[in-house]
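# A closer look at the structure
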Amino acid sequence: MKTVVITGGTDGIGRALAQTYLERGDQVAVVGTSQAKGDAFLAAAGDLGAQGRAWFLPADLGLIDENTRLIDRLAAQFESLDVLVLAARYHRSARVETPDGFEANFALFYLSRYLLSHGLVSPLSRSGSAVILNFGAAGLAGPPRWEDLQLARQYHGVAAMGHAGSLNDLLAVDFVDRYPDPNIRYVINHPGVVSTSFAGEYDHAPQTAAEVEQLRLTGKTIDTAVRHILPFLDPAGQARLSAVCEGAAVPLHPETSSLTDARRLHDITRQLLDSRQHSVGDRGLP
Ligand SMILES: NC(=O)c1ccc[n+]([C@@H]2O[C@H](COP(=O)([O-])OP(=O)(O)OC[C@H]3O[C@@H](n4cnc5c(N)ncnc54)[C@H](OP(=O)(O)O)[C@@H]3O)[C@@H](O)[C@H]2O)c1
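Calculation criteria
- Residues numbered from 1 in each chain as written.
- Predicted model: local features only at pLDDT ≥ 70, side-chain atom pairs only at ≥ 80, totals over all residues.
- Heavy atoms only, no water.
- 1 Å grid on protein atoms, 1.4 Å probe; cavity = no way out; pocket = protein on both sides within 12 Å on 5 of 7 lines; lining within 4 Å.
- Points joined across faces, edges and corners; volume = space filled by probe spheres on them.
- Helix = DSSP H or I, 4+ residues; strand = E, 2+ residues; numbered from the N terminus.
- Nonpolar A, V, L, I, M, F, W, Y, C, P; charged D, E, K, R; others polar.
- Near = heavy atom within 4 Å.
- Polar contact = N/O pair within 3.5 Å; in protein donor to acceptor, adjacent residues only side chain to side chain.
- Areas by Shrake-Rupley, 256 points an atom, 1.4 Å probe, with all protein chains shown as cover.
- Contact = heavy atoms within 4.5 Å.
- Axes fitted to C-alpha atoms, helices over the stretch in contact; angles between N-to-C directions.
- Parallel < 35°, antiparallel > 145°, perpendicular 65-115°, else oblique.
- Left-handed = near helix turned anticlockwise from the far one by under 90°.
- Buried < 20%, exposed > 50% of the residue type's maximum accessible area, 1.4 Å probe, protein only.
- Lys, Arg positive; Asp, Glu negative; His and termini not counted.
- Salt bridge = Lys/Arg side-chain N within 4 Å of Asp/Glu carboxyl O.
- Expected span 1.5 Å × (residues − 1).
- Pairing = 2+ DSSP bridges.
- Right-handed = clockwise from strand over helix to strand, strands pointing away.

### Describing empty space enclosed by the protein
If you roll a probe as big as a water molecule over the atoms, it shows you where there is empty space left. Taken as a whole and assessed by the stated rule, the structure comprises one cavity of 30 Å³ or more. Taken as a whole, the largest cavity spans an internal volume of roughly 30 Å³. As for the largest cavity, its lining consists of Tyr110, Tyr114, His118, Leu170, Leu171, Asp174, Ala262 and His266. Elements with a contribution of two residues or more to the lining of the largest cavity: α5 (104-119), α7 (157-178) and α11 (259-275). Class assignment of the residues belonging to the lining of the largest cavity gives a composition of five nonpolar, two polar and one charged.

### Considering the site of the ligand
Among the 30 residues in the neighbourhood of the ligand, the closest are listed as Thr10, Thr33, Lys37, Val194 and Thr196. One of the backbone nitrogen or oxygen atoms of Ile13 is found 2.8 Å away from an oxygen atom of the ligand. Between an oxygen atom of the ligand and a main-chain N or O atom of Ser34, the distance comes to 2.8 Å. Here the ligand, which alone exposes 890 Å², has 92% of that area covered by the protein.

### Some details on the side chain of Asn189
You can see Asn189 is positioned in strand β7 (residues 184-190). Contacts of Asn189, omitting those with residues within four sequence positions, involve Leu133, Asn134, Phe135, Gly136, Ile229 and Val244.

### Concerning the packing of helix α1 (residues 12-23) against helix α2 (residues 35-45)
Remark: α1 packs on α2, axes separated minimally by 11 Å, with the N-to-C direction vectors making an angle of 25°. Here α1 lies roughly parallel to α2, going by the angle between them. α2 is crossed by α1, and the crossing has right-handed handedness. From α1, Arg15, Ala18 and Leu22 reach across to α2, where they touch Ala40, Phe41, Ala44 and Ala45. Along the lines of polarity and charge, the residues of the contact of α1 with α2 split into six nonpolar, no polar and one charged.

### Topic: the environment of His266
Turning to its location among the elements, His266 is positioned in helix α11. For His266 and Asp174, which are 92 residues apart along the polypeptide, the C-alpha to C-alpha distance reads 7.2 Å. One polar contact links His266 to Arg178, side chain to side chain, over a distance of 3.1 Å.

### Re the side chain of Asp181
Mapped onto the secondary structure, Asp181 falls in the loop between α7 and β7. The charged side chain of Asp181 is buried without a salt bridge, its nearest counter-charge being Arg240 at 6.3 Å. A distance of 2.7 Å separates the side chain of Asp181 from the backbone nitrogen of Asn183, its partner in a polar contact. Excluding anything up to four places from it in sequence, Asp181 contacts Ser125 and Arg240.

### A look at α7
For α7, spanning 22 residues, the distance from its first C-alpha to its last is 31 Å, which sits close to the expected 32 Å at 1.5 Å a residue. Within α7, 17 of the 22 residues are buried, which leaves the element mostly enclosed by the surrounding structure.

### Observations regarding the pairing of strand β2 (residues 27-32)
Residues in a regular strand point their side chains to alternate faces of the sheet. Within β2, six of the six residues are buried, leaving the element largely enclosed by the surrounding structure. What you see with β2 is no split at all: Gln27, Ala29 and Val31 on one side and Val28, Val30 and Gly32 on the other are buried throughout. Sheet topology note: the strand β1 (residues 3-7)/β2 ladder contains five bridges and is parallel. Pairing of Thr7 across the sheet is with Val31, part of β2. For the crossover that starts at β1, traverses α1 and ends in the parallel β2, the hand is right-handed. Here β2 pairs with strand β3 (residues 54-58) via five bridges, running parallel. Following the sheet pairing, Ala29 is matched in β3 by Trp55.

### Quick notes on the sheet that holds strand β9 (residues 241-245)
Spatial strand order, β3-β2-β1-β4-β6-β7-β9-β10: eight strands in an open sheet with mixed pairing. Two strands lie at the open edges of the sheet, namely β3 and β10 (248-250), each paired on one side alone. Strand-to-strand, the axes of this sheet are offset by a mean angle of 20°, without reference to chain direction. As judged from the four bridges shared by strand β4 (residues 83-86) and strand β6 (residues 130-135), these two strands associate in the parallel manner.

As structure tokens, then:
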């Protein structure tokens, strides 16, 4: 039985992955902010909750302290982790900063994934065959805006998610270089457009509503997105770092995903966390 943790596991692709692992007999903890969605997940899991195979762990992963609290909780609850899926996201048409002072999308879509990837290395390494699935850009979003990583000068909601995706590509490149453990693989996935809830805060322009509706109508099904990614998660013996776009392995281009840039982003991220005096404490962060 595998131990599986899925941020954003209460909805969309994350929820469908959670269901897949439950049906396989694994134990699954999903993370989200909505108690109602968490309750719905547990209701659908039926007896598995009482049997200790399905959990809902509420956390607002846009906040640093909530990430460190989650890391502590997971490390205390599970001796080892086999699958970590990083899928929480929330669209915002307008730029917003979190109480920690980070641009909200940067905080949820990138910083949280940085903290959870690094903070859970110990239980992941005890698996013997672990995989981290992070929904990134898979090279599609171009290089980061190094001088404006939190998009203070020019912000667009959809572009902000793409930008954070490119940061996650670099997170993965740095991660596999930093930890020599061959038993933790990292998979970056861009699923293409998938017909999920597209939850978020949107402006009220008719064009925006039309664009979202168009995405819902033309996106692939959630089942298709899950079918596309499962083959890259299951077998051991694959490359330590894989990038996948709509079910096909793709190269991460050196232009957007060089190790030099990956280390640079890592160092900037640590400085940012340190400068805001966030106590990430002794959680294995490099
Ligand atoms: N759908 C697409 O077309 C598409 C395209 C490209 C990439 N992707 C990527 O695929 C991944 C999954 O996307 P999706 O469309 O399946 O997502 P989704 O259906 O919109 O679900 C988002 C999940 O994130 C959780 N979440 C939102 N804010 C959170 C917060 N502050 N803290 C913790 N959890 C939070 C939500 O739970 P609560 O509501 O309970 O907070 C929900 O479970 C994402 O990384 C996304 O960027 C999707």
